[in-house]
Amino acid sequence: MFKACAVIPVYNHQHAIGAVVAAVLARQVHCILVDDASDAECAATLAALAAESPSQVTLLRHSVNQGKGGAVLSGFERAAALGYTHALQIDADGQHDTGDIPRFLAIAETYPEQLISGCPQYDASVPKLRLYARYLTHVWIWINTLSLAITDSMCGFRVYPLAPTMALHRRHHLGRHMDFDSDVVVRLYWSGLHVINVPTRVRYPTDGVSHFRMVLDNALISRLHARHFLGMLPRIPRLILRHFGRRLPHTLTDARSAATGDREQP
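Report on the accompanying structure. Here the structure is a predicted model, which is why all the values come from computation and not from measurement. (Residues numbered from 1 in each chain as written. Predicted model: local features only at pLDDT ≥ 70, side-chain atom pairs only at ≥ 80, totals over all residues. Heavy atoms only, no water.)

Every α-helix carries 3.6 residues per turn, so stepping three or four residues along brings you back to the same face. Restricting attention to buried positions, one finds in helix 4 (residues 101–110) the residues Ile101, Phe104, Leu105, Ile107 and Ala108. Projected down its long axis, helix 4 shows its buried positions confined to an angular sector of 160°, all on one face. (Buried < 20%, exposed > 50% of the residue type's maximum accessible area, 1.4 Å probe, protein only. Helix = DSSP H or I, 4+ residues; strand = E, 2+ residues; numbered from the N terminus. Arc of directions from axis to C-beta.)

In this section: the sheet that holds strand 1 (residues 4–10). On the basis of which strands lie adjacent, the open sheet formed by seven strands has the order 3-2-1-4-6-5-7 and mixed pairing. Both edges of this open sheet fall to strand 3 (57–62) and strand 7 (195–202), since each of them pairs with a single strand only. Within the sheet, the average angular offset between the axes of one strand and its neighbour, ignoring direction, is 25°. Where strand 1 and strand 4 (residues 86–89) come together, four bridges link them in parallel fashion. In the sheet register, Ala6 faces strand 4, and the bridge partner there is Leu88. The sheet contacts of helix 1 (residues 17–26) involve strand 1, strand 2 (30–36) and strand 3, and relative to strand 1 the element is tilted by about 175°. Packed onto the sheet, helix 4 meets strand 1, strand 4, strand 5 (115–122), strand 6 (158–161) and strand 7 and runs at close to 175° relative to strand 7. (Pairing = 2+ DSSP bridges. Axes fitted to C-alpha atoms, helices over the stretch in contact; angles between N-to-C directions. Contact = heavy atoms within 4.5 Å.)

Encoded structure:
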């Protein structure tokens, strides 16, 4: 059975969240909003969105800010409790292309045991420093998985199979801030999940608000790479052997080929 909802972590994105929610609901997808201790104006906006569509929107509130990862995990917990099998994670600031939601969900339904991960295609609005920093993170991810299977580890536009994700959450303390996206995808890959990378257009926040803390979040991500490297070392034999196993699609092109019966053999 495949039953998906959307999980949106929100922290003071009152000017962009309405359009994001409207786009999600237009695709007939239930929306779980997680208010991560936003200020009064944003909290009121979220309350209004939930009141307008009580059967389509679930609103959770944190009394203390827990960070992006903490908000996403709260949303996943509620999604699992409501009986959903998959959760579409999308940011509240409008940077992700909501037109791709049906495509992401269709691929997830075809490959329900895989992680469907957005591979950003940026326009001119992306800050160049952020873009170059992402490539450094990509290199560390490739080292720590001994694989090129994860094209982009920082994109917050994904479809997660909830059962293995929540099992991982119970076993490990995942990153609670901007380190969450990279942490969870590496650990899911280590646990045996495959990743299908789907190109998607990304622009920088439509409301001009970014909560990325240049010093603190970069420090958290750097520490994460070091922890992953140490965690990768004892996994080297298993990661190497994995390359000799059954081939599964890891790009959108591979997924399309597999769907038409033209899967490349190992």
